[in-house]
Amino acid sequence: MIVMSNMFRGNPLHTDLQKSLNTKNSLRIDRSDVTIGDKRLSSSLDNVIRDKVIRSAKGLLETNLDDLFSDEEPKNLGVSEPTLRDGSKCGSLTSDASCDTDSDCIDDASREQRKCMGARRFGHILRRVLSRNVFPNVPAAPGMPCAGEDRSIYRRGARRWRKLYRVNGHIFQAKRFNRRAFCAFCQDRIWGLGRQGFKCIQCKLLVHKKCHKLVQRPCSSEHVDPIEVKDDANGEGTLGRAASVRSRAEELPLPETPPAPAPPSHDLEPGSQRQYSLEDFELIRVIGRGSYAKVLMVELKRTRRVYAMKVIKKALVTDDEDIDWVQTEKHVFETASNHPFLVGLHSCFQTPSRLFFVIEFVRGGDLMFHMQRQRRLPEEHARFYAAEISLALHFLHERGVIYRDLKLDNVLLDHEGHIKLTDYGMCKEGVRPGDTTSTFCGTPNYIAPEILRGEEYGFSVDWWALGVLTYEMLAGRSPFDLAHAADSPDQNTEDYLFQVILEKTIRIPRSLSVKAASVLKGFLNKNPAERLGCCDNGFLDIVNHPFFKSIEWEMLEQKQVVPPFKPRLEGERDLANFPPEFTEEPVHLTPDLDTVIADIDQSEFEGFEYVNPLLMSLEDCV
Ligand code: C58
């Protein structure tokens, strides 16, 4: 199944720019059932790409992640000057949204008629500290826990979603191996990333996923020393994996033992932790849509504070791998918390048909919206955004996460003009330096050549995407601009775009400085081994690149550098910076259908509920 968020936005004022910046469908291919939107991949890509894509897709399963929250306290620091030159209000935009289900779909005509959102009043009370980070305390350094932060909360629940498979008395659980491990059945190494092997939770026997049903040796229920040895320098595989064939016939999901009781919270009396539910929120607007998710702007009724709410239909995530990505999303929220340039999570809850992530709200809109109004950015501005994004990416990479969906729409601006990345739904976690993965996913315009070539890839794909995004900021169009191909049906396809990404020499506009041209060439090197940020010195090569010479990286990470542009926000609920294309989309959620719910195994989602305890205690104070 390939998943994609067809989110086209078009601003009639800048149609060419729009066309050029667009091509923004996030896609993911799981297993061999490959379609892009309503197109079968086989008819959409040439054979070579198709075969590679399918090979990649068969290999590994996905994980995903998602969003966070934010806040909107007007901070009177007197730091940023408004620099918006264009005072015009937003125009109508088009969206080619591929709906998560038909019931939530809106038709093309109504999409095209979307207008600007009106201004609304924010009824929040927010503390200064929260406008910086997710938690009310400032961590010693980005990524460090805040005082009183209980990190185990992120893992609660997520663990319980693992399925168990019973064979011959063994109870196998899919597992990711950090060390070299060998299959007790076929003796071969258990290769690859992701949950490539199974481990019996009783006797600890390790086997390939593909071998687990063939295991003859019964489970002794006694601990058998697993064949697991320390990794060595050459530990990474160059051989392809055999496609693991999955059959559900003998898989018996078992109830798992309940998780250990949560350690006491520092902020609350035990048992006083409140859960949220849909009734606690007023749904204000649809603000975004992806293949798996719809994103709403909501207000917590009790505090009148505003959040982004990512809504996922359970029916879309009911197989193992998809559940994995929901887990990954939660894990990445954990990783992302306390980093100034990544959105944070407020809470999670569910209804019979849906999962809800309540995310800190970042109210300055996204870079796509700002680019649509500015056409192209001065180098100084692009440098600032590229540098903050680099810090966010580097932070994720250091923690084993490939972001995989960097694009203008996912770069949000807070009220001061600092960036925050949102949508962890495409992330891959558990990646060590030198590790690679092979899932075909991303947003077409930003997909790195190594993904298209079906190669194994690592963090390099994020630096490529940063190259594409920086090019867009500086040139006002995509480096793979298909605007001129618009009238030729052959050239207006995803296949053609992929061919261009793979083969076309990227032309840098002459108007750009030598340093800007050099940084773009560095990031947009089609060979990941030579790409800026991917060589021996890694991130240091970016830090030391002449284009970033004026950046004071430490100050930047502390949010001590004044952003070049401050979103103009009239009131606390000013929506003028938001993309208008969803304005007329009904904000309600369709009623749960018994027939749909009957097919959902609710046990898969046990433990999804979560409340960020520090945020909640904060709410209690206000
Ligand atoms: C913004 N591109 S996660 C709208 N879309 C989204 N906004 C936010 N998170 C997400 N504060 C999305 C999407 C996700 C996955 C599916 C695709 C869309 C978000 C998170 C936190 C604000 C937004 C544009 C926008 C930015 C700000 C306000 C309104 C719209």
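Everything quoted here is computed from the prediction, not taken from an experiment. (Residues numbered from 1 in each chain as written. Predicted model: local features only at pLDDT ≥ 70, side-chain atom pairs only at ≥ 80, totals over all residues. Heavy atoms only, no water.)

Asks: I'm lost on the packing of aromatic side chains in this one. Help?
Replies: This model, assessed by the stated rule, comprises 16 aromatic pairs. With a centroid separation of 5.2 Å and an interplanar angle of 85°, the aromatic rings of Phe357 and Phe608 are classed as edge-to-face. Here Phe357, found in strand β15 (residues 354-360), pairs with Phe608, found in the loop between α15 (594-598) and β19 (610-611); they are 251 residues apart in sequence, far enough to count as distant. Ring geometry for Phe384 against Tyr385: centres 5.6 Å apart, planes inclined by 75°, an arrangement best described as edge-to-face. No difference in accessibility class separates Phe384 from Tyr385, as the two residues are buried. Taken together, the ring pairs connect Trp463, Phe523, Phe539, Phe547, Phe548 and Trp553 into an aromatic cluster. (Phe/Tyr/Trp six-rings, centres within 6.5 Å; stacked < 30°, edge-to-face > 60°. Helix = DSSP H or I, 4+ residues; strand = E, 2+ residues; numbered from the N terminus. Buried < 20%, exposed > 50% of the residue type's maximum accessible area, 1.4 Å probe, protein only.)

Asks: Looking at this model, I keep getting lost on the pattern of salt bridges. Mind explaining?
Replies: Pairing is possible between side chains that carry opposite charge, provided their charged atoms lie close to one another. Tallied over the full model, the rule gives twelve salt bridges. Where Asp592 meets Arg354, a salt bridge forms, and the shortest distance between an N and an O atom there is 3.5 Å. Linking Asp592 in the loop between α14 (553-557) and α15 with Arg354 in strand β15, this pair joins segments that are 238 residues apart in sequence. A relative accessible area of 3% places Arg354 in the buried class. Linking Asp405 and Lys407 is a salt bridge whose minimum nitrogen-to-oxygen distance equals 3.9 Å. Among the charged side chains, a network of salt bridges with common partners joins Lys310, Glu329 and Asp423. (Salt bridge = Lys/Arg side-chain N within 4 Å of Asp/Glu carboxyl O.)

Asks: Please explain the confidence of the model for the protein as it appears in this structure.
Replies: A low pLDDT score tells you not to read the predicted coordinates there in detail. Averaged over all residues, the pLDDT of the protein equals 70, while 60% of them reach at least 70. Low pLDDT (under 50) marks residues 30-136, which in the prediction has 377 contacts with non-local residues, meaning those over four places away or in another chain. Scored below 50 in pLDDT, residues 226-272 makes 78 contacts in the model with residues more than four places away or belonging to other chains. (pLDDT = per-residue confidence, 0-100. Contact = heavy atoms within 4.5 Å.)

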